[in-house]
Amino acid sequence: MKEKDAINFKQKGIKPAWCPGCGNFLILKALQQALAELSLKPQQVVVVSGIGQAAKTPQYLNVHMFNGLHGRALPPATAIKACNPLLTVIAEGGDGDMYGEGGNHFLHTIRRNPDLTHLVHNNMVYGLTKGQASPTSEPGFKTPVQVDGVISEPINPVALAISLDASFVARTFCGNLEQTVEIIKKAIRHPGYALVDIFQPCVTFNKINTFKWFQEHTYFLEGHDVHDRNQAFLRATETGKLPLGIFYQHEKKKTFEQKLTVHQEQKTPFLSRSINRERLEELIKTRQF
Amino acid sequence: MKKVISQITLEQDISIVLCGEAGQGIQTVEQLLTRMLKLSGYYVFATKEYMSRVRGGSNSTQIRVSSKPIQAPVSRIDLLIPLDKEAINHVSSRLGERIIIIGDQEKLDTDKKVINVSFLKMAQEIGKAIYANIIAVGLLLGLLEGDIKAGRVFLKDYFTQKKKEEFVADNIKALERGYQEAKRLIEENLVQVGSFPHLKKSSKVENNLLLNGAEAIGLGAIAGGCNFISSYPMSPSTGVLVFLAQYAHDFNIIVEQAEDEISAINMAIGAWYAGARAMVTTSGGGFSLMTEGLSLAGMIESPLVIHLAQRPGPATGLPTRTEQGDLHLALYAGHGEFPRIILAPGNIEEAYQLMQKAFYWADQFQIPVFILTDQYTMDTYYNIERLSVPQEETVRFIIKTDYDYQRYKLGGKDGLSPRGIPGFGEGLVRVDSDEHDEMGLITEDMSIRNRMVEKRNAKWHQLKKEALIPTLTGTKDYRVLCVGWGSTYYIIKEALDRLDKPDMALLHFQQVYPISETSIDFLKRAKQIISIENNYSGQFSQLLEMQTGISIRSRILKYDGLPFYADELAEEIKDVIEENGGQK
Ligand SMILES: Cc1ncc(C[n+]2csc(CCOP(=O)(O)OP(=O)(O)O)c2C)c(N)n1
Ligand code: SF4
Ligand SMILES: [Mg+2]
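Residues numbered from 1 in each chain as written. Chains lettered and ligands numbered in written order. Predicted model: local features only at pLDDT ≥ 70, side-chain atom pairs only at ≥ 80, totals over all residues. Heavy atoms only, no water.

1. Side note on the overall build of chain B
Stage number 1. The secondary structure content of chain B amounts to 21 helices and 20 strands.
Stage number 2. On C-alpha atoms alone, chain B measures out to a radius of gyration of 26 Å, which is about the 25 Å that the 2.2 N^0.38 rule sets for 584 residues.
Stage number 3. C-alpha atoms of chain B, sized along the principal axes, occupy 85 × 65 × 40 Å.
Stage number 4. When each of the 584 residues of chain B is scored for burial, the buried share is 64%.
Stage number 5. Here the analysis covers contacts within chain B between residues at least 6 apart in sequence; of these, 75% occur between residues at least 24 apart.
Stage number 6. Working note: accessible area of chain B is about 22000 Å², and carbon and sulfur atoms make up 48% of it.
Stage number 7. Taking the average location of the 64 positive side-chain charges in chain B and that of its 74 negative ones, the two points are 5 Å from each other. (Helix = DSSP H or I, 4+ residues; strand = E, 2+ residues; numbered from the N terminus. Rg over C-alpha atoms; globule rule 2.2 N^0.38 Å. Buried < 20%, exposed > 50% of the residue type's maximum accessible area, 1.4 Å probe, protein only. Contact = heavy atoms within 4.5 Å. Areas by Shrake-Rupley, 256 points an atom, 1.4 Å probe, with all protein chains shown as cover. Lys, Arg positive; Asp, Glu negative; His and termini not counted. Charge placed at Lys NZ, Arg CZ, Asp CG, Glu CD.)

Okay, structure coming up:
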């Protein structure tokens, strides 16, 4: 482990605005560690996020940052990667951000399969807006808004992603730091869309799904064939104790960027490309007929 | 027969209307006929109105043919080709006494006099019913003494790429059959061509271009260096998306049909961040969904080009029709305070040029720039002389970053801080939709907040200075000044030509926001200002009043979903002047 290199990805002089003991600290640490271990330079990495506690993560990272709108990290992340495939692009945010407000983008980003890593801090609650239910909150979860407890079924992002044949689907719990670092590394290295749903305790607003709860209700997959989609789906829909680890991987899928002809014909970055003026002249001429 | 076309001799042009159901091929007739007539040496104008359905309904296309440049629709119809039972009814309010109707009498049900031409029977004789349209093209070409040779060559080219030889040969037969039929009508004195004395051909126009507003916007985008478009289909804005997709390979453009407009605009902003030149094309409801993204562009100081093709609202409104009803939407969309530019092309050339200007200004000022068009602009074309390709390389306002780069460095001229791109230079590029410090990191420090608000809005100063001056058409010593913006330019111009009053002029705005400070002088000099807009509330005159303090009392407004007609508008202007008796 090149733990000391993680310092490259630390934002100096800024203290995270999270509550003491929040699971987000561990995710931040895991991500810094993963980036360092992959020997990336800060200049190569763009973290795109939405709005929420989780979405603040890039504020505390020494990388390029696109901190956009609530729910809208995936579209700009896709575009950034499409315009400059040399960049390592990570989209990061909370469960409300990515599965609620941005749910439609979640589905369609899987369809496109851009080569980006999708990190979702899943604390099963809306942290920043002070404790309302999220799309992953369990039925019965009481909040000041859901006064009788949540009555809708939670979303199962892992099963959903597998059902859409997402090219990499994993789940982890930030309390298992080492495994989380490994999974994030694999997700970043994976060529294509990679979802990592990260269980993250919110110590302030979720008194049900605590550190202890996650420890007691999760276990790591063993002897699972990540290329078996049916098995992956079965494992993803297990209840009671929830499996962690890589559920599914489909490496051979072409990425969105690979399918774009703009990168097949020309390799120069978008920035330094110029207009084909002769062709434009010709095209205008065709309107004489 | 009487001299049936005497009206046309007065008008110096002929107005042809083809009317029928969707799916009957009116579009093909329009496409072919206008090209053939132009190649024959005429000026042509074409526009269409259609229902929001793929089959059936009543749709019409107007083609005006003239020996002088002609760029506006008129209500008057000289020659009507009804293609189904409903057609005559659909345009009944526009049928004058001298109208010539040519059609398949059997298929029509009318007490109007119809000159019978059995298009369908003739087509079946050649081989297939679908040739009926080409026979109609031949007939019209013949009546207008168009060049049948040029017609043949054009038709061959038009079909050869897609169709079998036999099909092409039959089509040429159909064209010739129609042409002969025209000669018959003339010989039998059913239609008098001798009454087109003013319709002279000129070899000058042969090389003119024919392209509609959607194509002009698309070409302008390419010329402006656009290499990314993400959008969601919505009439009437889709034509631009389709156009850029057609030429995406030639010009290396990423074209993405997004899952919704929210995604589309956020992608476009992401693309600019990564060094591309991106745009979205959208309409009414689609743009409503984009407004949060617009505000993001304002906050992170991202360039952005938004083509907003207006259609009548609210909500789904009239999907395939025209209106200038979204000016205030573009003006006020997006929460918070940030600068923007709104451009509104008045013709094909302006659409092409303003699109380039939009990319340039968006990049230079790091702001969203709107191009506001409408269905009428998208679907209309007429002869234009040329579109010139930019001579210089596209100017980019991007810097290579240093290690200590700060995206929102304060203290730059007019609020501008150099824009870096991730991966270009050693710096880190941070943009944040939260209020941010110079680094781009979230802050709630109130003094920074103040300075950032002032930084963003300091751009106004330069934007106002560079605003395009409205164009004055007509006398400088006007008493009555008609004011228009965007697509109404040529329609108002023709209306004024028709009135031919020495003391009237037209002030056309191709930039509607911010308006040029010179506007006030133009307005002050008028005794009466008449604002003419395709909407209910006179949105632009409200804006002008707010910005200049001059009140505009005379308004001519139209909001039925159709563009103004030059002939009707002339009458309305006359009425308004008379009613008003010289008041502002
Ligand atoms: C369009 C929009 N709607 C609502 C909000 C308010 N908002 C900010 S964060 C958030 C939810 C946060 O929950 P989650 O994404 O799970 O992140 P967490 O704070 O739990 O990490 C909401 C509703 C917003 N910023 N923008
Ligand atoms: S509210 Fe919850 S998620 Fe937010 S910082 Fe506090 S503990 Fe973490
Ligand atoms: Mg959450």
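And the narrative resumes.
2. Thoughts on the site of ligand 1
Stage number 1. In the region of ligand 1, 17 residues are neighbours, and A:Gln53, A:Asp95, A:Gly96, A:Asp97 and A:Gly127 sit closest.
Stage number 2. The environment of ligand 1 is shared, with nearby residues belonging to chains A and B.
Stage number 3. In this structure, an oxygen atom belonging to ligand 1 sits 2.7 Å away from a main-chain N or O atom of A:Asp97.
Stage number 4. A:Leu128 has a polar backbone atom sitting 2.9 Å from an oxygen atom of ligand 1. (Near = heavy atom within 4 Å. Polar contact = N/O pair within 3.5 Å; in protein donor to acceptor, adjacent residues only side chain to side chain.)

3. Topic: the domain arrangement of chain B
Residue and element names in this part refer to chain B.
Stage number 1. As far as domains go, chain B holds domain 1 (2-201), domain 2 (213-383), domain 3 (399-463) and domain 4 (469-580).
Stage number 2. Distance from the C-alpha centre of domain 2 to the C-alpha centre of domain 4: 26 Å.
Stage number 3. With 29 residues of domain 2 at the interface, the matching set in domain 4 holds 27 residues.
Stage number 4. The contact between domain 2 and domain 4 buries some 2300 Å² in all, and 57% of this surface belongs to carbon and sulfur atoms.
Stage number 5. In this assembly, domain 2 and domain 4 are joined by zero salt bridges.
Stage number 6. Of all the secondary-structure elements, those providing two or more residues to the side of domain 2 that touches domain 4 are helix 13 (327-332), strand 11 (341-343), helix 14 (348-365), strand 12 (368-374) and helix 15 (375-378).
Stage number 7. Counting residues per element, the side of domain 2 that touches domain 4 draws most heavily on helix 13, at four residues. (Domains from an automatic or database assignment. Buried area = accessible area lost by both parts, 1.4 Å probe. Salt bridge = Lys/Arg side-chain N within 4 Å of Asp/Glu carboxyl O.)

4. Here we look at the nonpolar core
Residues and elements named next belong to chain B.
Stage number 1. Ranked by size, the top nonpolar core spans 172 residues in total, and within it Ile222, Leu244, Met279, Phe540 and Ile573 carry the most contacts.
Stage number 2. No other element matches helix 14, which puts 10 residues into this core.
Stage number 3. With near-sequence residues (within four places) excluded, isoleucine 573 lies in contact with Cys482, Ala495, Leu496, Leu499, Met504, Ile530, Ile532 and Ile556.
Stage number 4. Counting 55 residues, the second largest nonpolar core, distinct from the first, contains Ile14, Ile148, Ala150 and Val191. (Core = buried A, V, L, I, M, F, W, Y, C linked by side-chain atoms within 4.5 Å.)

5. What about the site of ligand 2?
Stage number 1. A:Trp18, A:Cys19, A:Cys22, A:Asn24, A:Gln53, A:Asn123, A:Gln200, A:Cys202, A:Val203, A:Thr204 and A:Phe205 make up every residue found near ligand 2.
Stage number 2. The class makeup of the residues in the shell around ligand 2 is six nonpolar, five polar and no charged. (Nonpolar A, V, L, I, M, F, W, Y, C, P; charged D, E, K, R; others polar.)

6. What about the interface of chain A and chain B?
Stage number 1. Contacts between the two partners involve 52 residues from chain A and, on the opposite side, 74 residues from chain B.
Stage number 2. Our enumeration of links across chain A and chain B arrives at five salt bridges.
Stage number 3. Across the pair A:Arg279 and B:Asp250 runs a salt bridge whose closest N-O atoms are separated by 2.4 Å.
Stage number 4. Looking at the side of chain A that touches chain B, its residues break down into 26 nonpolar, 17 polar and nine charged.
Stage number 5. As paired strands, strand 2 (residues 64-67) of chain A and strand 14 (residues 430-432) of chain B are joined by three bridges and run parallel to one another. Note that in strand 14 of chain B the partner of A:Phe66 across the bridge is B:Val431. (Pairing = 2+ DSSP bridges.)

7. Here we look at the sheet that holds strand 2 (residues 43-49) of chain B
Residues and elements named next belong to chain B.
Stage number 1. Sheet architecture is open: seven strands sit in the order 6-5-4-1-3-2-13, paired in mixed fashion. Two strands in the sheet have a free side with no partner beyond their single neighbour: strand 6 (115-116) and strand 13 (381-382).
Stage number 2. Of the pairings in the sheet, the one linking strand 2 to strand 13 comprises two bridges and is antiparallel in character. Residue pairing across strands places phenylalanine 45 opposite tyrosine 382, the latter belonging to strand 13.

8. Quick word on the side chain of B:Gln375
Residues and elements named next belong to chain B.
Stage number 1. Mapped onto the secondary structure, glutamine 375 falls in helix 15.
Stage number 2. Engagement of the side chain of glutamine 375 in a polar contact is seen with the side chain of aspartate 379, the distance being 2.9 Å.
Stage number 3. Leaving out residues up to four positions away in the same chain, glutamine 375 has contacts with Lys48, Tyr50, Pro236, Gln310, Thr320, Arg321 and Thr322.

9. Overview of the packing of aromatic side chains
Residue and element names in this part refer to chain B.
Stage number 1. As enumerated under the stated definition, the model contains 23 aromatic pairs over all chains in all.
Stage number 2. A centroid spacing of 5.2 Å and a plane angle of 90 degrees characterise the contact between phenylalanine 159 and phenylalanine 167, whose relative ring orientation is edge-to-face.
Stage number 3. The class of phenylalanine 159 is buried, set by a relative accessible area of 7%.
Stage number 4. Both rings, one in tryptophan 460 and one in tyrosine 513, keep their centres 5.6 Å apart while their planes meet at 80 degrees; by these two values the pair is edge-to-face. Of this pair, tryptophan 460 sits in helix 17 (residues 459-466) while tyrosine 513 sits in strand 18 (residues 511-513), placing them 53 residues apart in sequence. Here the two residues tryptophan 460 and tyrosine 513 agree in accessibility, since each one is buried. (Phe/Tyr/Trp six-rings, centres within 6.5 Å; stacked < 30°, edge-to-face > 60°.)

10. Concerning the pairing of strand 10 (residues 304-310) of chain B
All names here are of chain B.
Stage number 1. Buried residues dominate strand 10, accounting for seven of its seven residues.
Stage number 2. What you see with strand 10 is no split at all: Leu304, Ile306, Leu308 and Gln310 on one side and Val305, His307 and Ala309 on the other are buried throughout.
Stage number 3. As paired strands, strand 9 (residues 278-282) and strand 10 are joined by four bridges and run parallel to one another. Paired with valine 280 across the bridge in strand 10 is isoleucine 306.
Stage number 4. A crossover links strand 9 with its parallel partner strand 10, the connecting element being helix 12 (residues 284-300), and its sense is right-handed.
Stage number 5. In this sheet, strand 12 lies alongside strand 10 in parallel orientation, the contact comprising seven bridges. Across the sheet, glutamine 310 pairs through a bridge with aspartate 374, a residue of strand 12. (Right-handed = clockwise from strand over helix to strand, strands pointing away.)

11. Remarks on helix 6 (residues 177-189) of chain A
Stage number 1. Counted at 1.5 Å a residue, the expected span for helix 6 of chain A with its 13 residues is 18 Å, and the 18 Å between its end C-alpha atoms agrees.
Stage number 2. Within helix 6 of chain A, the full set of buried residues consists of A:Thr180, A:Val181, A:Ile183, A:Ile184, A:Lys185, A:Ala187 and A:Ile188. (Expected span 1.5 Å × (residues − 1).)

12. Considerations on a negative patch on the surface
Residues and elements named next belong to chain B.
Stage number 1. Together, Asp560, Glu568, Glu572, Asp575, Glu578 and Glu579 make up a region of like negative charge exposed at the surface.
Stage number 2. On the secondary structure map, aspartate 560 appears in the loop between strand 20 (554-557) and helix 21 (566-580).
Stage number 3. Given the relative accessible area of 43%, aspartate 560 is considered partly exposed. (Patch = residues over 30% accessible without salt bridge, like charges linked within 9 Å, V, L, I, M, F, W, Y side chains within 5 Å.)

13. Description of the sheet that holds strand 9 of chain B
All names here are of chain B.
Stage number 1. Pairing is mixed in the open sheet, where seven strands are placed in the order 8-7-9-10-12-11-18. The outermost strands of the open sheet, each flanked by one partner alone, are strand 8 (254-257) and strand 18. Pairs of neighbouring strands in the sheet enclose a mean axial angle of 20 degrees, with direction left out of account.
Stage number 2. Alignment of strand 11 against strand 12, held across three bridges, turns out to be parallel. Bridged to isoleucine 341 within strand 12 is valine 369. (Axes fitted to C-alpha atoms, helices over the stretch in contact; angles between N-to-C directions.)

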